[in-house]
Amino acid sequence: MQAINASIDVDRGLWSEDIEASLAHAAMLVRQGIIRQADGRKIARGLKRIRKEIEEGRFEFRADLEDIHMNVEARLKTLIGAAAGRLHTARSRNDQVATDFRLWVRGAIDRLDDRLNRLIAALLDRAEEHAATVMPGYTHLQPAQAVTFGHHLMAYVEMFGRDRGRLMDARARLDECPLGAAALAGTSFPIDRAMTAKALGFAQPMRNSIDAVSDRDFALETLAAGAILAVHLSRLAEELVLWTSPGFGFVALGDAFTTGSSIMPQKRNPDAAELIRAKSGRAIAGLTQLLVVLKGLPLTYGKDMQEDKAPTFAALADLQLSLDAMTGMIRNLKADAKAMRAATAAGFLTATDLADWLVRVLDLPFRRAHHAAGRLVRLAEAKGCGLADLGLPDFRRVVPGIGPAVYKVLDIDRSVASRRGLGGTAPNRVRQAIAAARKRSMKR
């Protein structure tokens, strides 16, 4: 029973939040006249000493005391005697753990947001550096149209920006304090819940005592945002794995973010990217695990809810590490502009430009222009050349009205520069998007 019931190996991670909440609770009890000032001073002094002991690694966490709350309270009794027993007046471990956990998740969101901001800044710097570096854009991992490397990186800026928004939305909704709900029904003591909420940095107390102790939406929302963030990180990691392979050769990572082989001395493996790709599974699994824990629980508290912290702690810690590693890789990578440009020679990337030109200049319906461009691609394939290498007679065999001006539209740089609309890949548009993204980051 002790082995299955104890949670101290996990919830010891809440020690700082538990002490912070206990200090706020004790101060409120004193001000409300519920406990004596002398006892309040002893409690505060003892809690601060316990905090120092834990910080210095001198605190003994005991499994027989079950959880972080009882470990702290037992040590407090050793330090200050009977006055320690007054700390738990007008509260329960139910509202205590709900408060501690909210404080921890709020801090984790702030840490993730800080790391996301740093990753976005790294991507913006790289995007600005390569706003005009031409590369193939892909659909189905097949060459599709020419884009710039900066434009491609800006797609991730948008994705990670949405991740920041989701995390901040979750933070706004968790910004309510459960403390004072006690076990589930509130308390008969004349407590001041607004005081403790303010002391702990919450916007307000939670409005319903039953909801206060049973709610874990704040963790679910954060894990849901984290799971999406993990997917975004995994997609970027996969692209780094592809781009660093000889088949692409678009970027190179230095020794700081690659590893060698135990047998093949020439290897430089993108292990950091591969591990980020794999760690996404823990974030996704953490969300699923907590959903399953909560799905059949009647109100209010059940011991099942002790299992809420392990998946949350693990998922959010992995996300912090993954963000740090990804930021490091983005700062560390070197893009090979020549390799990217060389890759645009394959795949007939200006075929869509040709179809659009036939619509604009020769007034062909788009479907007919699309069909004609497709026939010209097949002709170039048969000749083993690019579209721009076809002779004018070849073009006129498919569309008689084509003149020499067609060759201008088949130039890769002209193709990229022509995408000048909002959200397009033209270098000037990319630079405008970077400037706008920098302003958005400064406002948060």
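Here the structure is shown first, and the text comes after it.
Residues numbered from 1 in each chain as written. Predicted model: local features only at pLDDT ≥ 70, side-chain atom pairs only at ≥ 80, totals over all residues. Heavy atoms only, no water.

K.L.:
Pulling in residues and values, what's your account of the overall build of the protein chain?
P.N.:
Scanning the protein chain from terminus to terminus reveals 19 helices and six strands. Over its C-alpha atoms the protein chain spans a radius of gyration of 30 Å, topping by over 25% the 22 Å that the globule rule assigns to 444 residues. Expressed along its principal axes, the backbone C-alpha trace of the protein chain runs to roughly 100 × 55 × 40 Å. In the protein chain, which comprises 444 residues, the share counted as buried stands at 49%. When contacts within the protein chain are restricted to residue pairs at least 6 apart in sequence, those whose partners lie at least 24 apart make up 75%. Of the roughly 21200 Å² of accessible surface on the protein chain, a fraction of 53% belongs to carbon and sulfur atoms. The averaged location of the 51 negative side-chain charges in the protein chain is 4 Å from the averaged location of its 64 positive side-chain charges. (Helix = DSSP H or I, 4+ residues; strand = E, 2+ residues; numbered from the N terminus. Rg over C-alpha atoms; globule rule 2.2 N^0.38 Å. Buried < 20%, exposed > 50% of the residue type's maximum accessible area, 1.4 Å probe, protein only. Contact = heavy atoms within 4.5 Å. Areas by Shrake-Rupley, 256 points an atom, 1.4 Å probe, with all protein chains shown as cover. Lys, Arg positive; Asp, Glu negative; His and termini not counted. Charge placed at Lys NZ, Arg CZ, Asp CG, Glu CD.)

K.L.:
I'd like a rundown of the packing of helix 3 (residues 15-31) against helix 4 (residues 37-55), residues and numbers included.
P.N.:
The geometry of helix 3 relative to helix 4 is characterised by a closest axis approach of 9 Å and an angle of 170° between their N-to-C directions. Of the possible angle classes, the one that applies to helix 3 and helix 4 is roughly antiparallel. Taken together, the residues of helix 4 that come into contact with helix 3 (itself represented by Trp15, Ile19, Ser22, Leu23, Ala26 and Val30) are Gln37, Gly40, Ile43, Ala44, Leu47, Lys48, Ile50, Arg51, Ile54 and Glu55. A breakdown of the residues in the contact of helix 3 with helix 4 according to their chemical character gives 10 nonpolar, three polar and three charged. (Axes fitted to C-alpha atoms, helices over the stretch in contact; angles between N-to-C directions. Parallel < 35°, antiparallel > 145°, perpendicular 65-115°, else oblique. Nonpolar A, V, L, I, M, F, W, Y, C, P; charged D, E, K, R; others polar.)

K.L.:
Help me get a handle on helix 11 (residues 271-294), residues and values and all.
P.N.:
For helix 11, spanning 24 residues, the distance from its first C-alpha to its last is 35 Å, which sits close to the expected 34 Å at 1.5 Å a residue. Among all positions of helix 11, only Ala272, Ala273, Ile276, Ser280, Ala283, Gly286, Leu287, Leu290, Val293 and Leu294 are buried. Buried residues along helix 11 sit in contact with helix 10 (217-244) and helix 12 (309-332). (Expected span 1.5 Å × (residues − 1).)

K.L.:
Mind laying out the pattern of salt bridges, listing which residues take part and the relevant values?
P.N.:
Scanning the entire structure with this criterion turns up 34 salt bridges. Note that Arg75 is salt-bridged to Glu53, the shortest N-O span being 2.7 Å. Here Arg75 is found in helix 5 (residues 68-80), whereas its partner Glu53 is found in helix 4, with 22 residues between them in sequence. The class for Glu53 is buried, based on a relative accessible area of 3%. Glu128 serves as the salt-bridge partner of Arg438, at 2.9 Å between the closest nitrogen and oxygen. In this pair, Arg438 is assigned in helix 19 (residues 427-443) and Glu128 in helix 6 (residues 93-129), connecting sequence segments 310 residues apart. Judged by its relative accessible area of 27%, Arg438 falls in the partly exposed class. Under the relative-accessibility criterion, Glu128 is labelled partly exposed at 46%. Through salt bridges with shared partners, one network takes in Glu66, Asp67, Arg93 and Lys303. (Salt bridge = Lys/Arg side-chain N within 4 Å of Asp/Glu carboxyl O.)

K.L.:
So what's going on with the pairing of strand 1 (residues 134-139)? Which residues, and what values?
P.N.:
Relative to strand 2 (residues 142-148), strand 1 is paired through six bridges, and the arrangement is antiparallel. The partner of Val134 across the bridge, within strand 2, is Thr148. Linking strand 1 back to strand 2 in an antiparallel pair, the connection comprises two residues, with His140 at a positive phi of about 55°. (Pairing = 2+ DSSP bridges.)

K.L.:
Pulling in residues and values, what's your account of a nonpolar patch on the surface?
P.N.:
Judged by side-chain polarity, Leu184, Ile210 and Leu299 come together as a nonpolar surface patch covering roughly 270 Å² of accessible area. Tracing the sequence through the fold places Leu184 in the loop between strand 3 (176-177) and helix 8 (193-199). Assessed through its relative accessible area of 38%, Leu184 is described here as partly exposed. (Patch = residues over 30% accessible without salt bridge, like charges linked within 9 Å, V, L, I, M, F, W, Y side chains within 5 Å.)

K.L.:
Which residues make up the nonpolar core, and what are the values?
P.N.:
The nonpolar side chains of a soluble globular protein tend to be buried with one another. Formed by 91 residues in total, the largest nonpolar core has its most connected members in Leu123, Phe160, Leu233 and Met326. Excluding residues within four positions of it along the chain, Met326 makes contact with Leu119, Leu233, Leu236, Ala237, Leu240 and Ile276. Among the nonpolar cores identified, the runner-up in size contains 24 residues, and Leu354, Trp357, Leu358 and Ala369 belong to it. (Core = buried A, V, L, I, M, F, W, Y, C linked by side-chain atoms within 4.5 Å.)

K.L.:
So, the packing of aromatic side chains: which residues are in play, and what are the values?
P.N.:
All told, the structure shown has nine aromatic pairs when counted by the stated rule. By way of ring pairs, the aromatic residues Phe101, Trp104, Phe218 and Phe313 are connected into one cluster. Sitting over the ring of Trp104, Arg111 keeps its end group 5.7 Å from the ring centre. The ring of Phe101 is capped by Lys309, whose NZ or CZ atom sits 5.4 Å from the centre of that ring. (Phe/Tyr/Trp six-rings, centres within 6.5 Å; stacked < 30°, edge-to-face > 60°. Lys NZ or Arg CZ within 6 Å of the ring centre and 35° of its normal.)

K.L.:
Outline the packing of helix 6 against helix 7 (residues 149-174), supporting the account with residue identities and numerical values.
P.N.:
Remark: helix 6 packs on helix 7, axes separated minimally by 9 Å, with the N-to-C direction vectors making an angle of 165°. Classed by the angle they form, the pair helix 6 and helix 7 counts as roughly antiparallel. In the packing of helix 6 onto helix 7, the handedness of the crossing is left-handed. When the residues that make up the contact of helix 6 with helix 7 are grouped by side-chain class, the tally is 18 nonpolar, three polar and nine charged. (Left-handed = near helix turned anticlockwise from the far one by under 90°.)

K.L.:
Mind laying out the side chain of Ser22, listing which residues take part and the relevant values?
P.N.:
Along the chain, Ser22 turns up in helix 3. For Ser22, a relative accessible area of 1% puts it in the buried group. When sequence neighbours within four positions are dropped, the list of residues in contact with Ser22 reads Leu47, Leu87, Arg91 and Gln96.

K.L.:
An account of helix 15 (residues 366-383) is needed here, citing residue identities and associated values.
P.N.:
Its 18 residues place the ends of helix 15 26 Å apart at the C-alpha level, agreeing with the 26 Å of an ideal helix rising 1.5 Å per residue. Here helix 15 has its buried residues at Ala369, Ala372, Ala373, Leu376, Val377, Leu379 and Ala380. In a view along the axis of helix 15, the buried residues occupy a sector of 160°, so they form one face of it. In helix 15, the exposed positions that point more than 90 degrees away from the buried face belong to Arg367, Arg368, Glu381 and Ala382. Those residues of helix 15 that are buried lie in contact with helix 14 (351-362) and helix 16 (392-398). A positive phi of about 70° marks Gly384, the residue just after helix 15. (Arc of directions from axis to C-beta.)

K.L.:
Quick rundown of the environment of Asp394? Include the residues and the values.
P.N.:
With respect to the helices and strands, Asp394 occurs in helix 16. Considering only alpha carbons, one finds Asp394 and Gln142, 252 residues apart in sequence, at a separation of 26 Å. Not counting residues up to four positions away in its chain, the partners in contact with Asp394 are Leu376, Leu379 and Lys383. For Asp394, the side chain forms a polar contact with the side chain of Arg397, separated by 3.0 Å. (Polar contact = N/O pair within 3.5 Å; in protein donor to acceptor, adjacent residues only side chain to side chain.)

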